[in-house]
Amino acid sequence: MRGLFVLTVTAWISTVTSQTFDPGCSFFNGQCVYNVKLGHSGQCDSVSSRATTDTSTTGSGSGSTTGFQSCSCKDIDALNNDIATLNTNMNTLQSNFNKLAQSLNTTQQQLSGKEAQNSLLMMEKQNLTADLTQHQLLLTKSQVELANMVSSMTIETDRLRTELLSTSDKLTTCQTQLNLLDSQKTNTPVLYGGYVTHYCGFEDLHNCNYTMDTCTSSTVECWHRGTGRQDVYSGPVEDHTYGSPNGHYMYIDPTLKPYYKSSSSSHVPQRKARITTPQLPAANEYCVRFWYTMIGVDIGTLKVYAQVGGGDGYPVYTKTGQEDRYWHMAQVSLDSEYTSQPFKLVFEGTTSSYYTYSHSSHQSNQDTRGFISFDDVYIYNTSCSAIPDCPAGSRKLVQGNMTSCYSFHIEPRSWYEAVDACKSEAPNGHLVSINSKLEQQFLVDVMQTNAAYTTAGQHGWYTSGNDERTEGGFKWTDTGYPYSLNYTNWHAGQPNNVGDAQDCLLLQYPSSDYEWGDISCADKHPFICEIQM
């Protein structure tokens, strides 16, 4: 704009200077008046009204009208001021224009920088998108590899478990050849910590190769292999080994072979039932422990004999009179007087119960009942004081005034096999019974901090819980007298008795701190033995 203005003014000045210019000055009303001939009329509007015909000799000396318009000096000054103002405004406009151009240039530079930065961000976004895609592919690949690894680990665990079972079977074969197999199955002793244990729970049909006298006369009773409750008035509720209807024990029941006493006879013969162990090798000392019940009116006598060199033997234990329905442990210590040479043990029960018969009413009346039973016999070729309270490697927990030892067995067995294994450890040993949150957490801590236990217990650990008597009525079976669960930790939806064949309580869910579930007793799982001291 400034360039246009300058061009216009320059053109105007050029036009003026191209005209005839006869400078001159005269006075009009006391003012100096320039006489300027510009070649145009109306240049000085302020003095046009005062234009006159100058007849004096000015410039050319002629007397004709000059045709000039006169302007005052103020007009020239005003014009100069306007030009100066225009120049100032032009300078200001030029300065503003320069600033605007500079600002525009700066903005363009910033915009170019932003565009470059945006291009970098777009490239970075593309790179990040590519990286994310790559990571997603790697994650998918890793998930597939993890799934394959878990599958492989499961297969390998099953293979190792199968191999472990195979190895266990081979070990059992070797133990059998060395006469160290569990006596419950073959009646051969088991070696524990330098001494040999002969254990019998009467769960096999051969009764651990114990021999019984034959019931051939009215004065001879028989030991019977029974299960569950044999009599509503006397006898145990369950066996001591399993504590369930599938467990067995030895008993005499005079009602099975009653003796009838005539009304005229006052004599009732005492009748005996005897069962004898296989021959035991000589040793310096022996310790004998077994469980018994004696309940019934006018109960008879339970005796144990050490039979050395034949005959009836020497009585080393005697118990007379009834107690209650609970199982009680008896202990016998034998010194070298009995054990310096091979010997046998004889368990004898006696009864004098009888029936009377009324000819008038044709009815039989039993005057007395005497139900004697025993189960879980332990024979050690050492002194009773030499037998430790807890097995080596077991974990101990103290709850109030009660102390328990726990041993963890990782070899899978059925519930019944697990019971046998726990019973063979000690007379007061049994599958674990959990009666408090403290006890549950103690077991969980042991299993979670031992890698072998964690691996073995992926599918759970057996306890002594069982509901074979009444579906859903789970009870602990460790005492042989089943009792209700006073503490429970069932998993959601458990117990559910799937297939109507789940009667055994399992610490089943490792991911939920081994919450409980029910399982078929025939399934094989690791198990925990408990010994209450």
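Reference entry: report on the structure contained in this document. (Residues numbered from 1 in each chain as written. Predicted model: local features only at pLDDT ≥ 70, side-chain atom pairs only at ≥ 80, totals over all residues. Heavy atoms only, no water.)

## Digging into the nonpolar core
- Residues Tyr210, Trp223, Phe290 and Phe374 are the most contacted members of the largest nonpolar core, which totals 33 residues.
- Among the elements of the structure, β8 (249-252), β9 (271-276), β10 (286-295), β11 (301-307), β13 (328-334), β14 (344-351) and β17 (371-380) are those that each provide at least two residues to this core.
- Take this core: its biggest share by element is five residues, from β10.
- Those residues within four positions of Phe290 in sequence are excluded, and the remaining contacts are Leu302, Val304, Tyr317, His328, Met329, Ala330, Val332, Phe347, Phe374, Asp375, Asp376 and Val377. (Core = buried A, V, L, I, M, F, W, Y, C linked by side-chain atoms within 4.5 Å. Buried < 20%, exposed > 50% of the residue type's maximum accessible area, 1.4 Å probe, protein only. Helix = DSSP H or I, 4+ residues; strand = E, 2+ residues; numbered from the N terminus. Contact = heavy atoms within 4.5 Å.)

## Comments concerning the state of the cysteines
- A complete count under the given rule lists five disulfides for this structure.
- Sulfur-sulfur distance for the disulfide between Cys200 and Cys208 comes to 2.0 Å. Looking along the S-S bond of the Cys200-Cys208 disulfide, the torsion reads about 90°, which is the right-handed sense.
- Residue Cys200 is classed as buried on the basis of its relative accessible area, which comes to 1%.
- Disulfide pairing is shown between Cys504 and Cys521; the S-S distance is 1.9 Å. Since a negative S-S torsion denotes a left-handed disulfide, the Cys504-Cys521 link at about 100° is right-handed. Residue Cys504 is located in strand β24 (residues 504-509), and its partner Cys521 is located in the loop between β25 (515-519) and β26 (525-532); the two are separated by 17 residues in the primary sequence.
- Note on Cys521: relative accessible area 7%, which makes it buried. (Disulfide = S-S within 2.5 Å.)

## Structural notes on helix α6 (residues 437-448)
- Across its 12 residues, α6 extends 16 Å between first and last C-alpha, which sits within 8% of the 16 Å expected from 1.5 Å per residue.
- Of the residues making up α6, those classed as buried are Glu439, Gln440, Phe442, Leu443, Val444, Val446 and Met447. (Expected span 1.5 Å × (residues − 1).)

## Remarks on the side chain of Asp375
- Along the chain, the position of Asp375 falls in strand β17.
- Within the buried core, Asp375 has no salt-bridge partner, and the shortest N-O distance to an opposite charge, that of Lys423, equals 7.7 Å.
- From its side chain, Asp375 meets the backbone nitrogen of His240 in a polar contact 3.1 Å long. (Lys, Arg positive; Asp, Glu negative; His and termini not counted. Salt bridge = Lys/Arg side-chain N within 4 Å of Asp/Glu carboxyl O. Polar contact = N/O pair within 3.5 Å; in protein donor to acceptor, adjacent residues only side chain to side chain.)

## Considering the pairing of strand β19 (residues 402-413)
- Bridge count between strand β18 (residues 395-399) and β19: five bridges; the pairing is antiparallel. Across the sheet, residue Gln399 finds its bridge partner in β19, namely Met402. (Pairing = 2+ DSSP bridges.)

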